[in-house]
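Coordinate inspection notes
So you can see what is in the structure, the chains are spelled out below.
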Amino acid sequence: MKNTVNIGIIGGGLMGREVASALARWFVLDGFPVKAELTAVCDLVEKQREWFRQIPTVTLLTADYHELLANPDVDVVYVAVPHNLHEAIYLDVLKAGKDLFAEKPFGIDLKSAIAIAEAAKASGRFVRCSSEFPFLPGAQRAYQAAISGNLGKILEVHSGFHHSSDLDPTKPANWKRQVKTCGEIGVMGDLGMHAVHVPFRVGWTPKRVYAQLQKIYHERPDGKGGMASCDTWDNAMLHTEVEIDGAEVPMRFEMKRLAPGETNTWFLEILGTEGGVKYSTKEPKTLWTFARGKEQLWQKTDLGFHGPFPTITGGIFEPGFPDCFMQMWAAFLAERAGKLDGKFGCVTPDEAVLSHTFFAAALRSQAEKRAIDL
Ligand SMILES: NC(=O)c1ccc[n+]([C@@H]2O[C@H](COP(=O)([O-])OP(=O)(O)OC[C@H]3O[C@@H](n4cnc5c(N)ncnc54)[C@H](O)[C@@H]3O)[C@@H](O)[C@H]2O)c1
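Right, let's walk through the structure included here. This one's a predicted model, so the numbers in the text were calculated from it and none came from an experiment. (Residues numbered from 1 in each chain as written. Predicted model: local features only at pLDDT ≥ 70, side-chain atom pairs only at ≥ 80, totals over all residues. Heavy atoms only, no water.)

**With respect to the overall build of the protein chain**
Our working definition: Strands are runs of DSSP state E lasting at least 2 residues, helices are runs of H or I lasting at least 4, and numbering of each runs from the N terminus. C-alpha atoms define the radius of gyration, and 2.2 Å times the number of residues to the power 0.38 defines the globule rule. Relative accessible area decides the class of each residue, using a 1.4 Å probe on protein chains only: under 20% of the type maximum gives buried, over 50% gives exposed, and in between gives partly exposed. The contact criterion used is simple: two residues touch if any of their non-hydrogen atoms lie within 4.5 Å. Where accessible areas are quoted, they stem from the Shrake-Rupley method and a 1.4 Å probe; at the residue level, only the protein chains shown are allowed to cover. Here Asp and Glu are counted as negative and Lys and Arg as positive; His is not counted, and neither are the chain ends. Throughout, a charge is located at the NZ atom of Lys, the CZ atom of Arg, the CG atom of Asp or the CD atom of Glu.
Scanning the protein chain from N- to C-terminus turns up 10 helices and 17 strands. Computed over its C-alpha atoms, the radius of gyration of the protein chain comes to 21 Å, within 12% of the 21 Å expected for a compact globule of 374 residues. Projected onto its principal axes, the C-alpha coordinates of the protein chain cover approximately 65 × 50 × 40 Å. Counting the 374 residues in the protein chain, one finds 54% classified as buried. Counting only contacts in the protein chain whose residues sit at least 6 apart along the sequence, the fraction spanning at least 24 positions is 69%. As presented, the protein chain carries roughly 16,200 Å² of accessible surface, and 53% of it is formed by carbon and sulfur atoms. Where the 41 positive side-chain charges of the protein chain centre and where its 45 negative ones centre are 1 Å apart.

Here you go:
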């Protein structure tokens, strides 16, 4: 394998630029075994493409992703486009013999996710899906607590991701608010992978789900003076049971676009009879841990910058979104190079298919107003 991995981006919008930002300061990773550079970018919109011209390593800007895929210099392709385009573009990336860093939800629906996962397996290419919050130090500590076996009997698990900007009815509609481009799963496709990644990695697969899904605003300004219909689910509460150490334990997932006051809040809480852990990006450097002794204690720890992959950033500084996004990319490229060394890895195609199986069951539960076995 060559020393520098050349990355291509298809879809230079919100997330495409985050990748450019992570790769542009790759030297921040301390002693990391893989070099990575952004080489090529494709976006349909000229203004979006032109932004990438300021990045000196980019040698190809194109509106046609086939041109990017035909470039022999590109090793890995990150794709961040509307969900209705995932399947076709992901399959073309694999056909071109490139490794794929897919965005969630990994296809617009379960059928699409299965097709992508099967193509990934048949191709032999390295494929993972994006979900960055578990790479924050607090999230890592919650994961370690979950697998430690030190929490006693698990009482309940609560995992979620909340947004609030949709509370504003004047916020314009975009492709994420429409079934044809976002998918019938709506908010579960937007926010769901973030909520399920850690519990699924621990091995906590829901046995059944009872879903409460809400559509709240049915139309929004279309940005051109008119109104556009918005037909996706906005908020989802998924009540499940999971078997842990022979007992059925309640596990609740929340994905909300309308959660008052929550700008971008990812959280995970695991409560047990002996110990517990709570972490939320609302207080990004705070980890709460529970210990039951003679007295019962909730302890608050100020965390530093310690992500899974060492960086030059001082250990007492606070990490944020760009940092966990970079750590996720480090996990992707380390695992691709066979150098993950037991660290936390990105979402696998099997986990992505499992998430879609879960969301499809949630849609059925909502329609039939009953719990659905997975
Ligand atoms: N990991 C995360 O935290 C996170 C956050 C937001 C979105 N996402 C995911 O990232 C993906 C993209 O979301 P976004 O918010 O970046 O969207 P966006 O609308 O900001 O960007 C999408 C870009 O794709 C371009 N595009 C559309 N069709 C194209 C085509 N055929 N060829 C090339 N470019 C094309 C658009 O012009 C646009 O610039 C989605 O799958 C979404 O779910 C992930």
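**A look at the site of the ligand**
This is how it is decided: By convention in this text, a residue qualifies as near a molecule or strand provided that one of its non-hydrogen atoms is within 4 Å of it. Any pair of N or O atoms that falls within 3.5 Å is considered a polar contact. Within protein, one atom must be able to donate a hydrogen and the other to accept it, and sequence-neighbouring residues count only if both atoms are side-chain atoms. Under the scheme applied here, ten amino acids are nonpolar (Ala, Val, Leu, Ile, Met, Phe, Trp, Tyr, Cys and Pro), four are charged (Asp, Glu, Lys and Arg), and all others, including Gly, are polar.
In the region of the ligand, 23 residues are neighbours, and D43, H83, K104, E132 and K176 sit closest. For the ligand, an oxygen atom lies 2.7 Å from a polar atom in the side chain of H83. Measuring from a nitrogen atom of the ligand, one finds a side-chain N or O atom of E103 at 3.3 Å. Contact with the protein chains hides 86% of the accessible area of the ligand, taken as 840 Å² for the molecule alone. Its residues assigned to classes, the shell around the ligand comprises 11 nonpolar, seven polar and five charged.

**So, the environment of G124**
For G124, the location among the structural elements is in the loop between α5 (110-123) and β6 (127-129). The exposed category is assigned to G124, whose relative accessible area is 61%. Taking C-alpha positions, G124 is 8.9 Å from L94, a pair spaced 30 residues apart along the chain.

**Here we look at the packing of α5 against helix α10 (residues 349-368)**
We count it as follows: Interaxial angle, 0 to 180 degrees, is taken between N-to-C directions of lines fitted to C-alpha atoms, where a helix line uses only the stretch in contact. For classification purposes, angles smaller than 35 degrees are called roughly parallel, those larger than 145 roughly antiparallel, those between 65 and 115 roughly perpendicular, and all remaining angles oblique. Helix crossings are classified by the rotation of the near helix relative to the far one: an anticlockwise turn of less than a right angle makes the crossing left-handed, while a clockwise turn makes it right-handed.
Viewed as axis vectors pointing N to C, α5 and α10 meet at an angle of 165 degrees, and their least axial separation amounts to 9 Å. Considering their axes alone, α5 and α10 lie roughly antiparallel with respect to each other. As α5 runs across α10, the sense of the crossing is left-handed. Counting all contacts with α5, which are made through L110, A113, I114 and A117, the residues of α10 involved are P349, V353, H356, T357 and A360.

**Focus on the packing of aromatic side chains**
Defined as follows: Any pair of Phe, Tyr and Trp rings, taking the six-membered ring for Trp, is counted once the centres come within 6.5 Å. Such a pair is stacked with planes under 30 degrees apart, edge-to-face with planes over 60 apart, and tilted for the rest. Each ring is checked for a lysine NZ or an arginine CZ that lies within 6 Å of its centre and within 35 degrees of its normal; such an atom marks a charge sitting over the ring.
Under the counting rule described, the total for this entry stands at 21 aromatic pairs. Residues F290 and W298 carry aromatic rings whose centres are separated by 5.3 Å and whose planes lie at 50 degrees to one another, so their mutual orientation is tilted. The exposure class of W298 is partly exposed, given its relative accessible area of 35%. Pairwise contacts between aromatic rings join F133, F161, W266, Y279, F321 and F325 into one cluster. Lying across the ring of F344, R201 places its NZ or CZ 5.0 Å from the centre.

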